[in-house]
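Summary of structural features
What follows is the residue order along each chain.
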Amino acid sequence: MFEFETLHYEEVDGVAWVTLDRPDVHNAFNAQMQTELKALWRGLRRHDDVRCVVLTGRGDKAFCVGVDRTEALGALGDDDSAMSWDFDDPAEFLGPKTNDLWTPVIAAVNGMACGGAFYMLGEVEFVIAAEHATFFDPHVTYGMTACFEPMHMLQKMPFHEIMRLTVLGAHERMSARRAYEIGLVSEVVPKDALRGAAAWAATAIASQPPIAVQSSVRAVWLARELSRRQALDAGKILIRAGTDSESVLQGQRVFASGSRIEHRVR
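Residues numbered from 1 in each chain as written. Predicted model: local features only at pLDDT ≥ 70, side-chain atom pairs only at ≥ 80, totals over all residues. Heavy atoms only, no water.

One face of the sheet, then the other: side chains in a regular strand alternate in exactly this way. Most of strand 2 (residues 15-20) is tucked away, with 6 of its 6 residues classed as buried. Alignment of strand 1 (residues 7-12) against strand 2, held across 6 bridges, turns out to be antiparallel. Counterpart to Val-12 in the pairing with strand 2 is Val-15. Where strand 1 hands over to strand 2, the hairpin turn is made up of 2 residues, of which Asp-13 adopts a positive phi near 50°. One ladder, built from 6 bridges, connects strand 2 with strand 3 (residues 52-57); its direction is parallel. In the sheet register, Trp-17 faces strand 3, and the bridge partner there is Val-54. Assessed by its sense of winding, the connection that carries the chain from strand 2 through helix 1 (residues 31-44) to strand 3 is right-handed. (Buried < 20%, exposed > 50% of the residue type's maximum accessible area, 1.4 Å probe, protein only. Helix = DSSP H or I, 4+ residues; strand = E, 2+ residues; numbered from the N terminus. Pairing = 2+ DSSP bridges. Right-handed = clockwise from strand over helix to strand, strands pointing away.)

Within the largest apolar cluster, 45 residues are counted, with the highest numbers of intra-cluster contacts made by Val-109, Leu-121 and Phe-135. Once residues lying within four places of it in the same chain are set aside, the contact partners of Phe-135 are Val-109, Ala-113, Leu-121, Ala-129, Leu-165, Arg-173, Met-174, Ser-175, Ala-176, Ala-179, Leu-184 and Val-185. The next biggest cluster of nonpolar side chains, apart from the first, holds 20 residues, and it includes Trp-17, Ile-106, Ala-130 and Ala-198. (Core = buried A, V, L, I, M, F, W, Y, C linked by side-chain atoms within 4.5 Å. Contact = heavy atoms within 4.5 Å.)

Quick look at the pattern of salt bridges now. Taken as a whole, this structure holds 14 salt bridges when the rule is applied. With its nearest N and O atoms 3.0 Å apart, the salt bridge here joins Glu-125 to Lys-97. Of this pair, Glu-125 sits in the loop between helix 2 (117-121) and strand 7 (126-130) while Lys-97 sits in the loop between strand 4 (62-64) and strand 5 (105-109), and the two are 28 residues apart along the sequence. Among the salt bridges present, the one from Glu-161 reaches Arg-178, with a minimum N-O distance of 2.3 Å. Of this pair, Glu-161 sits in helix 4 (residues 159-168) while Arg-178 is found in helix 5 (residues 176-181), placing the two residues 17 residues apart along the sequence. Overall, the relative accessible area of 8% leaves Glu-161 in the buried class. (Salt bridge = Lys/Arg side-chain N within 4 Å of Asp/Glu carboxyl O.)

Helix 8 (residues 228-241) packs onto helix 7 (residues 210-225) with a crossing angle of 170° between their chain directions and a minimal axis gap of 10 Å. As summarised for this structure, helix 7 and helix 8 are arranged roughly antiparallel, according to the angle between their axes. For the pair helix 7 and helix 8, contact is made by Ile-211, Ser-215, Arg-218, Ala-219, Leu-222 and Ala-223 and by Ala-231, Ala-234, Leu-238 and Ala-241, respectively. When the residues that make up the contact of helix 7 with helix 8 are grouped by side-chain class, the tally is 8 nonpolar, 1 polar and 1 charged. (Axes fitted to C-alpha atoms, helices over the stretch in contact; angles between N-to-C directions. Parallel < 35°, antiparallel > 145°, perpendicular 65-115°, else oblique. Nonpolar A, V, L, I, M, F, W, Y, C, P; charged D, E, K, R; others polar.)

Read across the sheet, 6 strands follow the order 1-2-3-5-7-10 without closing on themselves; strand pairing throughout is mixed. Because the sheet does not close on itself, it has two edges, and the strands there are strand 1 and strand 10 (187-189). Between one strand axis and the next, the sheet turns through 20° on average, direction left out of account. Sheet strands in contact with helix 1 are strand 1, strand 2, strand 3 and strand 5, and its direction is about 20° off that of strand 1.

Among the 5 residues in strand 5, 5 count as buried, and that is most of the element. Residues Val-105, Ala-107 and Val-109 line one face of strand 5 and the alternating positions Ile-106 and Ala-108 line the opposite face, and both faces are buried. Where strand 3 and strand 5 come together, 3 bridges link them in parallel fashion. In the sheet register, Leu-55 faces strand 5, and the bridge partner there is Ala-107. Direction of pairing for strand 5 relative to strand 7: parallel, over a ladder of 4 bridges. In the strand pairing of strand 7, Ala-107 is matched with Val-127.

Written out as structure tokens, the structure is:
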């Protein structure tokens, strides 16, 4: 369905596997990748065959190391005399939620994840990481303000942890184990087991009625961004909009069958 230059796309059993495919630059994003990710996320809103997405990077060195510094994506401060609050963010449309996609997205982090990668990690449902994965933000080391990246990750990490990542720049990298300890990563697995771990979770999610899954995803994100009272009020609308008679019947058939889901304990 989708053809790209900077992404590899495949579908397996209701799961879309999206691979950032620029390994020669550690999967750094350029203008083309941003355009393609925006098209992908928006295209998936109308592609009902996909009920879960796994986002990862080509190779085992990096998930994504942010913007490709060898390609001009828009200059900041070209005219120092201009007083302006306008800024064209070169990474604005990298994430699924910014593009209004509510199909669940899992990130499988297979190496370095830094800088602009946080636009994507900040908008996924959860992260699974290989043992050798690392997380860092080098902006300040290279004289740039770390702004949108830590704002996105503040939704995923305690304040003091993202602040440490921000102000230490390139001098320190957070390990996958530490990321797991603070709740940024939900599971850490050996490098060779990363795809299998992501596939298990994504296939399980994709096996369930999508309208129930997507409305539940919206509910949890709303609860994080609204006050408790506002979220509870909005929840009444979500339950009505996200409760489909066919999906309820499907769930009832599973429950009434007498056979229980073969679960695992994490």
